[in-house]
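What follows is the residue order along each chain.
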Amino acid sequence: MDMEIPGDRRLAAAVVMDDDDQVLLVRRSEKERFLPRVWGVPCGKLEPGESPEGGVLRELKEETGLRGEIVARIGESSFVSEYRGHEIKNWQQNFRVRLLSDPGEIKLPEADQDSKWLSLQRLTEVDIDDYNLDVVRQAFSY
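Observations regarding the packing of aromatic side chains
- Counting across every chain of the model gives one aromatic pair.
- A ring pair is formed by Phe 79 and Tyr 131, whose centres lie 5.0 Å apart and whose planes are at 75°; its orientation type is edge-to-face. Pair noted here: Phe 79 is in strand β5 (residues 68–83) and Tyr 131 is in helix α2 (residues 130–141), with a separation of 52 residues, a long-range link.
- Note that Lys 89 overlies the ring of Trp 91, its terminal NZ or CZ placed 4.9 Å from the centroid.

A short note on the sheet that holds strand β3 (residues 39–40)
- Here we have three strands laid out as an open sheet, ordered β3-β2-β7, and antiparallel in their pairing. Because the sheet does not close on itself, it has two edges, and the strands there are β3 and β7 (114–118).
- In this structure, strand β2 (residues 23–27) lies alongside β7, joined through five bridges in antiparallel fashion. Bridging from a neighbouring strand, Leu 25 pairs with Lys 116 of β7.

Some thoughts on the side chain of Gln 92
- Tracing the sequence through the fold places Gln 92 in strand β6 (residues 86–99).
- Looking at Gln 92, its side chain comes within polar contact range of the side chain of Asn 94, at 2.6 Å.
- Within the structure, the side chain of Gln 92 is placed 3.4 Å from the side chain of Tyr 131, a separation counted as a polar contact.
- Dropping the residues within four chain positions of it, Gln 92 is found in contact with Leu 11, Ala 12, Ala 13, Cys 43, Gly 75, Glu 76, Ser 77, Phe 79, Tyr 131 and Val 135.

Focus on the environment of Ala 111
- Within the fold, Ala 111 resides in the loop between β6 and β7.
- Among the residues examined, Ala 111 registers a relative accessible area of 85% and is labelled exposed.

Examining the pattern of salt bridges
- Applying the stated rule across the entire model yields ten salt bridges.
- Between Arg 73 and Glu 76 there is a salt bridge, with the nearest N and O atoms lying 2.7 Å from each other.
- Taking the relative accessible area as the measure of exposure, Glu 76 reaches 54% and is therefore exposed.
- Among the ionic pairs, Glu 125 bridges to Arg 122, the shortest N-O distance being 3.1 Å.
- Owing to a relative accessible area of 53%, Glu 125 belongs among the exposed residues under this scheme.
- Overlapping salt bridges, with partners in common, bring together Glu 50, Arg 58, Glu 59 and Glu 62 in one network.

Definitions and cut-offs
Residues numbered from 1 in each chain as written. Predicted model: local features only at pLDDT ≥ 70, side-chain atom pairs only at ≥ 80, totals over all residues. Heavy atoms only, no water. Phe/Tyr/Trp six-rings, centres within 6.5 Å; stacked < 30°, edge-to-face > 60°. Helix = DSSP H or I, 4+ residues; strand = E, 2+ residues; numbered from the N terminus. Lys NZ or Arg CZ within 6 Å of the ring centre and 35° of its normal. Pairing = 2+ DSSP bridges. Polar contact = N/O pair within 3.5 Å; in protein donor to acceptor, adjacent residues only side chain to side chain. Contact = heavy atoms within 4.5 Å. Buried < 20%, exposed > 50% of the residue type's maximum accessible area, 1.4 Å probe, protein only. Salt bridge = Lys/Arg side-chain N within 4 Å of Asp/Glu carboxyl O.

Dropping the structure here:
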């Protein structure tokens, strides 16, 4: 087997909710290889040996500049992706997160990204995929 082909990937996602039950969504950069310009929750791969709890807070900071604290683990998700012609199974743990930063302090890494706070009823106003929509719904059903 090619040593550059990863095995199963572990990820963590942050459903950041405010006191009015609005969710923070971030639009991915057009430079992204996976789902460019699609709206979703802050999410990313865990580093080797990193806990999902530590990884989700690190990803939130890297993707938005915001600090948060975990309120609850709300569920799991999985999907299959392709890497150099090989299927990769992705396992994701999903967390509801409360901000410790001011929501106005969002700093996105790429200039073509955007962020919005939306209620559950308004989520479909943006181009959010079914996978991210399911992750958000997990937070509302918790």
